[in-house]
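So you can see what is in the structure, the chains are spelled out below.
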Amino acid sequence: MPAHGTRQRPEPTALLEKLGVHLDPELLVLALTHRSFAHEAGGIPTNERLEFLGDTVLGLVVTEALYRRHPDQSEGELAKMRAATVSQRALAAVARRLDLGRYILLGKGEMGTRGFDKDSILSDTVEALIGAAYLSHGLEVARDLVHRLVDTTLEHAADLGAGLDWKTSLQEAAALRGFGAPVYEVTAEGPEHARVFHAQVSAGPVVGLGEGTAKKHAEQAAAEQAYRAITALGDGTPAPTDLDA
């Protein structure tokens, strides 16, 4: 895999050792190819299709694990725990434990803005690697990989408080104060290969802002800011418990 930019990229075999799974070299390179690199290289394939597949596999494995581990939890609580486990922030923490940013193929623009340490890029690449494992070996090997990557988060999922799902937590907090349902406004800017979404949420007198490379991530970030603002009103609302990773 050729180096791009000024950072030294280690051999991907070291990454495979950390993952504990073998991937075809071409599939591995594809999983590590961010759209910014693909765009600068003349439109070669990106890791986005693998990310789409990996997101589905990840969701299935995590949902099954939560269902089996928490037989007394409601559907709503299981959904919150799943959202926290597969969130951008949680997956980015997994990526940092793997030192994944060193291996990702990025365009010069993303390199210049430290894309190798952006939560969005790191989390998307984790999902792409899961998708690559599924294509290479099927569900059981991909399931084992998912558990190696996220079991620590799964074990603490029931104790994450408001951070399980900021949008739901904000909606509940707003309703408690008679503010009505939060209203979201989302805009997008930038070219297709580098789209950034900006979200604003209003809940009564409180406004939250957030951004991300996907609409859902921008909305969650905005909801977190608004929830924290409502908590700061000092009416006895318990402070949220964040995800420690």
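Computed from a predicted model, the values in this text were never measured in an experiment.

Asks: Can you tell me about the sheet that holds strand β1 (residues 183-189), naming the residues and giving the values?
Replies: Ordered by their spatial adjacency, three strands build an open sheet running β1-β2-β3, and the pairing between neighbours is antiparallel. The two strands at the open ends of the sheet, each matched to only one other strand, are β1 and β3 (206-212). Sheet twist, expressed as the average angle between the axes of neighbouring strands with direction ignored, equals 15°. In the sheet, strand β2 (residues 196-203) pairs with β3 via seven bridges, with the strands oriented antiparallel. Bridged to Ser202 within β3 is Val207. Here helix α11 (residues 215-231) sits on the sheet in contact with β1, β2 and β3, set at roughly 150° to β3.

Asks: Which residues make up the environment of Ala38, and what values go with them?
Replies: Relative to the assigned elements, Ala38 resides in helix α3 (residues 35-40). Ala38 sits in the buried class, given a relative accessible area of 1%. Here the alpha-carbon distance between Ala38 and Leu106, two residues 68 residues apart in the chain, equals 8.1 Å. If near-sequence neighbours (up to four positions away) are discounted, Ala38 is found in contact with Thr33, Gly43, Ile44, Pro45 and Thr46.

Asks: Which residues make up the packing of aromatic side chains, and what values do they have?
Replies: Across all of its chains, the model carries one aromatic pair by this definition. Directly above the aromatic system of Tyr184 lies the positively charged group of Lys167, at a separation of 4.8 Å from the ring centroid.

Asks: Quick rundown of the environment of Gly180? Include the residues and the values.
Replies: Counting through the fold element by element, Gly180 comes out in the loop between α10 (166-176) and β1. As for Gly180 and Gly204, which are separated by 24 residues in sequence, their C-alpha atoms are 6.9 Å apart.

Asks: Please give an account of the side chain of Glu51 that cites residues and values.
Replies: Examined against the element boundaries, Glu51 turns out to sit in helix α4 (residues 48-69). Apart from the residues within four sequence positions on either side, Glu51 is in contact with Asp124, Glu127 and Ala128.

Asks: Account for the environment of Lys167, naming residues and giving values.
Replies: Position of Lys167 relative to the elements: it lies in helix α10. When its relative accessible area of 27% is taken as the criterion, Lys167 is described as partly exposed. The sequence separation of Lys167 and Lys216 amounts to 49 residues, and the corresponding C-alpha distance is 9.7 Å. In this view, Lys167 contacts Tyr184, Glu219, Gln220 and Ala223; residues no more than four positions away in its chain are not counted. Only 2.8 Å separates the side chain of Lys167 from the side chain of Glu219, close enough to count as a polar contact.

Asks: With reference to specific residues and values, describe α10.
Replies: Buried within α10 we find Trp166, Ser169, Leu170, Ala173 and Ala174. An end-on view of α10 places all buried positions within 130° of arc, on one side of the element. Exposed residues on α10 whose side chains face more than 90 degrees from its buried face are Ala175 and Leu176. Packing partners of the buried residues in α10 comprise β1, β2 and α11. Following α10 by one or two positions, Gly178 adopts a phi angle in the positive range, close to 75°.

Asks: Describe the pattern of salt bridges, listing the residues and the values that go with them.
Replies: Counting across every chain of the model gives 13 salt bridges. For Asp151, the salt bridge is made with Arg69, and the minimal N-O distance between the two is 3.1 Å. Here Arg69 lies in helix α4 and Asp151 lies in helix α9 (residues 139-156), a separation of 82 residues in the sequence. Asp151 gets classed as partly exposed once you look at its relative accessible area, which sits at 21%. The salt bridge partner of Lys80 is Glu172, with a shortest N-O separation of 3.2 Å. Taken together, the residues span a long stretch of sequence, with Lys80 in helix α5 (residues 75-85) and Glu172 in helix α10 at a distance of 92 residues. A single network of salt bridges, built from pairs that share partners, joins Glu64, Arg68, Glu140 and Arg143.

Cut-offs used in this document
- Residues numbered from 1 in each chain as written.
- Predicted model: local features only at pLDDT ≥ 70, side-chain atom pairs only at ≥ 80, totals over all residues.
- Heavy atoms only, no water.
- Pairing = 2+ DSSP bridges.
- Helix = DSSP H or I, 4+ residues; strand = E, 2+ residues; numbered from the N terminus.
- Axes fitted to C-alpha atoms, helices over the stretch in contact; angles between N-to-C directions.
- Contact = heavy atoms within 4.5 Å.
- Buried < 20%, exposed > 50% of the residue type's maximum accessible area, 1.4 Å probe, protein only.
- Phe/Tyr/Trp six-rings, centres within 6.5 Å; stacked < 30°, edge-to-face > 60°.
- Lys NZ or Arg CZ within 6 Å of the ring centre and 35° of its normal.
- Polar contact = N/O pair within 3.5 Å; in protein donor to acceptor, adjacent residues only side chain to side chain.
- Arc of directions from axis to C-beta.
- Salt bridge = Lys/Arg side-chain N within 4 Å of Asp/Glu carboxyl O.

The values are spatial; any link to function lies outside them.
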